[in-house]
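Chains, contacts and geometry: an overview
If you want the building blocks of each chain, they are given just below.
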Amino acid sequence: LTPFSASEDMRSTWQGKAGRSPLQALYESDQFEQSSLQAVHQQRRELLSNVCSRYTRKRRLLQPDDLRHLVVDDTHGLLYCYVPKVACTNWKRVMMVLTGQGKYQDPLEIPAHEAHVPSNLRTLSEYSVPEINYRLRSYLKFVFVREPFERLVSAYRNKFTLSYNTAFHKRYGTKIIRRHRQEPSDRALERGDDVRFEEFVYYLLDPRTQQEEPFNEHWERVHSLCHPCIIHYDVVGKYETLAEDANYILQLVGADASVKFPASSKTTRTTDDMTAQFFQDISPFYQRRLFNLYKMDYLLFNYSIPSYLRIR
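Residues numbered from 1 in each chain as written. Predicted model: local features only at pLDDT ≥ 70, side-chain atom pairs only at ≥ 80, totals over all residues. Heavy atoms only, no water.

Applying the stated criterion across every chain, the model contains two disulfides. Here C52 is linked by a disulfide to C229, with a sulfur-sulfur distance of 2.0 Å. Taking the sign of the torsion about the S-S bond as the criterion, the disulfide between C52 and C229, at about -85°, is left-handed. With a gap of 177 residues between them, C52 in helix 2 (residues 36-55) and C229 in the loop between helix 11 (222-226) and strand 4 (235-238) connect regions that are remote in the sequence. (Disulfide = S-S within 2.5 Å. Helix = DSSP H or I, 4+ residues; strand = E, 2+ residues; numbered from the N terminus.)

It is worth spelling out the nonpolar core at this point. Core analysis: the biggest nonpolar cluster contains 91 residues, and W91, F149, F200, L204, W219, L290 and Y294 have the highest contact counts within it. Top contributing element to this core by residue count: helix 3 (residues 88-99), with seven residues. The residue makeup of this core includes at least three contributed by each of domain 1 (22-147 + 221-253) and domain 2 (149-218 + 270-295). (Core = buried A, V, L, I, M, F, W, Y, C linked by side-chain atoms within 4.5 Å. Buried < 20%, exposed > 50% of the residue type's maximum accessible area, 1.4 Å probe, protein only. Domains from an automatic or database assignment.)

Attention shifts here to the side chain of H69. Along the chain, H69 falls in the loop between helix 2 and strand 1 (70-73). Overall, H69 belongs to the buried group, its relative accessible area being 4%. Polar contacts involving the side chain of H69 include one to the side chain of E217, which spans 3.0 Å. (Polar contact = N/O pair within 3.5 Å; in protein donor to acceptor, adjacent residues only side chain to side chain.)

Restricting attention to buried positions, one finds in helix 13 (residues 272-279) the residues T275, A276 and F279. Buried residues of helix 13 fall within an arc of 105° about the axis and therefore sit on the same side. Summarising the geometry of helix 13, the exposed residues directed more than 90 degrees from the buried face are D273 and Q277. Looking at the buried positions of helix 13, the neighbouring elements they touch are helix 6 (148-160), helix 9 (197-205) and helix 14 (284-293). (Arc of directions from axis to C-beta. Contact = heavy atoms within 4.5 Å.)

Turning to the side chain of K238, a few remarks are in order. Looking at the element boundaries, K238 is found in strand 4. No salt bridge is formed by the buried K238; the nearest opposite charge belongs to E240, separated by 5.6 Å. In terms of polar contacts, K238 uses its side chain to reach the backbone carbonyl oxygen of F301, at 2.5 Å. Ignoring any residue separated from it by four or fewer positions in sequence, one finds K238 in contact with R44, F144, V145, D245, F301, N302 and Y303. (Lys, Arg positive; Asp, Glu negative; His and termini not counted. Salt bridge = Lys/Arg side-chain N within 4 Å of Asp/Glu carboxyl O.)

Just geometry here; none of it tells us what the structure is for.
As structure tokens, then:
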């Protein structure tokens with residue numbers, strides 16, 4: 001399959017309902033006239049572009065494998081790059097409503113596990129090269145991001161501290177314990193269900209980890225999942241402003257007014273204070289190394305160095 005490149009002027013060529021680019025539609029729409037959200041998203045795009053130009057020396061061509069996280073909605077001309085632990089279950093539910101030709105009405109009626117069944121949504125990697133290029137040029141592209149360490153702790157809590165995630169315990173937990181725990185018990189080696197956060201950090205920083213295979217998508221960096229320096233996203237939504245950013249996107253693509261992004265009801269959500277507690281036992285040396293590993297996500301999406309880190 002021939003590699004393809006994402007053109008520089010992609011974001012100016014998306015054809016909305018009225019044949020206008022997303023930014024034209026935005027500026028001309030009464031709904032968004034003088035909107036503060038409009039300015040916020042403009043600033044996010046500009047910062048992203050500036051950081052990319054400063055830190056990306058060589059533009060590379062996208063491969064089909066790079067596009068597995070881009071979910072396609074051909075009805076509304078929409079591309080969504082999903083990032084695990086950034087409301088991606090609810091976004092997949094919404095995309096199923098948008099692409100379902102009336103099969104689904106309410107995102108919350110879709111079971112969470114069904115939202116992650118690959119056959120329920122098409123990804124850009126499934127299309128031919130001409131079809132991929134057309135969609136990259138023509139569709140509105142969006143991604144949602146989150147404070148990197150908050151997302152990392154959320155992934156750790158979900159995959160390593162919940163008893164039902166036995167597949168992750170077997171797949172990753174046993175390896176982490178074998179390599180990064182002194183004198184592990186036979187039970188821990190067999191089950192892998194009691195990985196400590198400190199051991200998880202050692203695993204992430206171990207050079208062997210990425211030599212053997214790419215990071216799992218739950219802790220892979222956003223810039224590696226969604227390639228924001230190659231694909232020019234029209235909207236960079238943030239977990240911290242999830243409701244308003246989600247509503248903004250749905251209005252922008254002319255989604256039916258009945259389609260609502262689900263309100264968050266989770267009381268177990270990983271917060272900044274909770275994240276700080278997990279980092280208390282991580283030494284400054286490893287804090288700095290871990291920050292460097294996720295540094296590009298901090299820079300690209302304008303997150304400041306967490307105040308709880310002892311790396312200054």
